[in-house]
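Structure at a glance
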Amino acid sequence: MKPIISSIEIENRVIVAKYRRLMVGAKMVLVDKASGRQLAETVTRVASPVPVGALRIRLPEAIEPGTYFLRAFNGHGEDAARSADFDIG
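Notes on the structure follow. (Residues numbered from 1 in each chain as written. Predicted model: local features only at pLDDT ≥ 70, side-chain atom pairs only at ≥ 80, totals over all residues. Heavy atoms only, no water.)

Below, the discussion takes up unusual backbone geometry. You will see that Arg13, though not glycine, has its phi angle at about 60°, which is positive. If you trace the backbone, Arg13 turns up in the loop between strand S1 (4-11) and strand S2 (14-20). Non-glycine residue Arg21 carries a positive phi angle of around 65°. For Arg21, the position within the fold is in the loop between S2 and strand S3 (27-32). (Helix = DSSP H or I, 4+ residues; strand = E, 2+ residues; numbered from the N terminus.)

When you line up the elements, Leu22 lands in the loop between S2 and S3. Residues Leu22 and Asp32, spaced 10 residues apart in sequence, show a C-alpha to C-alpha distance of 22 Å.

As summarised here, the arrangement of the 3 strands in space is S1-S2-S5, forming an open sheet in which the pairing is antiparallel. Every interior strand has two partners, whereas the edge strands, S1 and strand S5 (52-58), have only one. If you compare each strand with its neighbour and ignore which way they point, the axes differ by 20° on average. Relative to S2, S1 runs antiparallel, the two being bridged by 7 bridges. Paired with Ile8 across the bridge in S2 is Ala17. (Pairing = 2+ DSSP bridges. Axes fitted to C-alpha atoms, helices over the stretch in contact; angles between N-to-C directions.)

A few words now on the side chain of Thr42. Following the sequence through the fold, Thr42 ends up in strand S4 (residues 38-45). One polar contact links the side chain of Thr42 to the main-chain carbonyl oxygen of Leu39, over a distance of 2.6 Å. With near-sequence residues (within four places) excluded, Thr42 lies in contact with Met28, Val29, Leu30, Ile57, Pro60 and Ile63. (Polar contact = N/O pair within 3.5 Å; in protein donor to acceptor, adjacent residues only side chain to side chain. Contact = heavy atoms within 4.5 Å.)

Position of Leu55 among the secondary structure elements: in strand S5. Along the chain, Leu55 and Ala17 lie 38 residues apart, while their C-alpha atoms are 5.3 Å from each other. Residue contacts for Leu55: discarding those within four places in its chain leaves Ile15, Val16, Ala17, Tyr19, Met28, Thr44, Arg45 and Val46.

Let us look at the environment of Phe73. Here Phe73 shows up in strand S6 (residues 66-73). The class for Phe73 is buried, based on a relative accessible area of 11%. Distance from Phe73 to Arg13, taken between C-alpha atoms, is 23 Å for residues 60 residues apart in sequence. Not counting the four nearest positions on each side in its chain, Phe73 is found in contact with Ala26, Lys27, Val29, Gln38, Glu78, Asp79 and Ala80. (Buried < 20%, exposed > 50% of the residue type's maximum accessible area, 1.4 Å probe, protein only.)

This is how it looks when you write it as structure tokens:
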């Protein structure tokens, strides 16, 4: 079964991303949709051994308003999942 990022919530410059089937060691990163640039300052790793959970990503002040998505990579660095697009205002 393929890993998924099932939902995104944003409040007070904190993204909460719920996921399923991501294993410990996987990482999630915010990607600017317009440029395709991965924002290294937002990389978060899955620390839970349970493959279902949520990650919190605090947005640095330098993050500009725009359309973004989250990309997840498995423990081997391979593309595992992508969220739906969302706006940061």
